[in-house]
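A look at the structure
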Amino acid sequence: MSKWTVRALVFAVLLCVSVPVMAGDDKADAELALVAINVADLGRSEKYYGEVLGFKRVWTYPSDGNDVIEIGLAPPGGGATLVLAHFNDDPLPEGKGSYGRIIVNTANAKALAKKAEAAGSTLRWVTIPGDNPPTIVFFRDPDGYEIELYQAASQ
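My aim in this report is to walk through the structure given alongside it, one point at a time.

Definitions and limits used
Residues numbered from 1 in each chain as written. Predicted model: local features only at pLDDT ≥ 70, side-chain atom pairs only at ≥ 80, totals over all residues. Heavy atoms only, no water. Helix = DSSP H or I, 4+ residues; strand = E, 2+ residues; numbered from the N terminus. Buried < 20%, exposed > 50% of the residue type's maximum accessible area, 1.4 Å probe, protein only. Contact = heavy atoms within 4.5 Å. Areas by Shrake-Rupley, 256 points an atom, 1.4 Å probe, with all protein chains shown as cover. Core = buried A, V, L, I, M, F, W, Y, C linked by side-chain atoms within 4.5 Å. Salt bridge = Lys/Arg side-chain N within 4 Å of Asp/Glu carboxyl O. Expected span 1.5 Å × (residues − 1). Polar contact = N/O pair within 3.5 Å; in protein donor to acceptor, adjacent residues only side chain to side chain. Pairing = 2+ DSSP bridges. Axes fitted to C-alpha atoms, helices over the stretch in contact; angles between N-to-C directions.

Let us look at the overall build of the protein chain. Of the regular secondary structure elements, the protein chain holds three helices and eight strands. If you list the helices and strands of the protein chain from N to C, you get α-β-α-β-β-β-β-α-β-β-β. Per-residue burial over the protein chain gives 32% buried out of 155 residues. For the protein chain, restricting intrachain contacts to residue pairs at least 6 apart in sequence, the fraction spanning at least 24 positions comes to 49%. Carbon and sulfur atoms make up 55% of the accessible area of the protein chain, which amounts to about 9700 Å² in all.

Okay, here's the thing in structure tokens:
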């Protein structure tokens, strides 16, 4: 896959993720369905997202399981699917993690962060001033993509 194809795919994903389309009555006209990332090793990445975030495989492409190039993972309880893609053995583009990040809403950021750390990720906690701030933790997956855990402030 050429670097321009990768850039186009990343731009399309970021466009879908970063700008919700709202109707006049503030209901979303569109919702995020998938986030797709290119990974170096499908098995390693599937294991990582399963162990750290509890994501489970819901589909593969092709569906017959032969020469799989994409795996769809869903979070516990549903939500947008994470697609892990591996099209060839070319090195991943340099700086791919700087294009954006995967944001995961959670009710227990500390527990997920502990799992990420146990899986080899380095954690970066964000300190927000205030009496009841949200919990925000950043880390990278095995391919260098940044993941943000966001836990809303307690009510």
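Ile37, Tyr49, Phe139 and Leu149 are the most contacted members of the largest nonpolar core, which has 25 residues in total. Of all the secondary-structure elements, those providing two or more residues to this core are β1 (34-38), α2 (42-53), β3 (70-74), β4 (81-85), β5 (101-105), α3 (109-118), β7 (135-140) and β8 (146-151). The element contributing the most residues to this core is α2, with five residues. When near neighbours in sequence (up to four residues on either side) are disregarded, Leu149 contacts Leu53, Val104, Thr106, Ala109, Leu112, Ala113, Thr135, Ile136, Val137 and Phe139.

Now for the pattern of salt bridges. This structure, assessed with the given rule, holds four salt bridges. Linking Asp143 and Arg44 is a salt bridge whose minimum nitrogen-to-oxygen distance equals 2.7 Å. Of the two residues, Asp143 sits in the loop between β7 and β8 while Arg44 sits in helix α2, which places them 99 residues apart along the sequence. You can call Arg44 partly exposed: its relative accessible area is 36%. The salt bridge involving Glu146 is made with Arg124; its shortest N-O contact spans 2.9 Å. Here the residue Glu146 occupies a position in strand β8, and Arg124 occupies one in strand β6 (residues 124-126), the gap between them amounting to 22 residues.

A few words now on α2. Here α2 is twelve residues long and its end C-alpha atoms lie 16 Å apart, about the 16 Å a rise of 1.5 Å per residue gives. Measuring from the side-chain oxygen of the N-cap residue of α2 to the backbone nitrogen of Gly43 gives 3.0 Å; that N-cap residue is Asp41. Of the residues one or two after α2, Gly54 is the one with positive phi, at around 80°.

Each strand in a sheet pairs with another by means of backbone hydrogen bonds, the pair being arranged parallel or else antiparallel. Judged by pairing direction, the sheet is mixed, and its four strands sit side by side in the order β1-β4-β3-β2 without closing on themselves. The open sheet has two edge strands, β1 and β2 (56-61), and neither has a second partner. Between one strand axis and the next, the sheet turns through 25° on average, direction left out of account. One ladder, built from five bridges, connects β1 with β4; its direction is parallel. Each bridged residue has a counterpart across the sheet, and for Ala36 the counterpart in β4 is Val83. Docked against the sheet, α2 engages β1, β2, β3 and β4, running at close to 155° with respect to β4.

Another aspect to go through is the environment of Asn38. Along the chain, Asn38 falls in strand β1. In the structure, Asn38 is positioned 46 residues away from Leu84 in sequence and 6.1 Å away in space, judged by C-alpha atoms. The residues contacting Asn38, other than those within four sequence positions of it, are Ala85, His86, Phe87, Leu92 and Tyr145.

What follows is about the sheet that holds β6. Pairing in this open sheet of four strands is mixed, and the strands run β5-β8-β7-β6 from one edge to the other. Looking at which strands have only one partner, the edges of the open sheet turn out to be β5 and β6. Mean inter-strand twist for the sheet, computed between neighbouring axes without regard to direction, equals 20°. Alignment of β5 against β8, held across five bridges, turns out to be parallel. The residue bridging Ile102 from the neighbouring strand is Ile147, located in β8. Lying over the sheet, α3 contacts β6, β7 and β8, oriented at roughly 155° with respect to β8.

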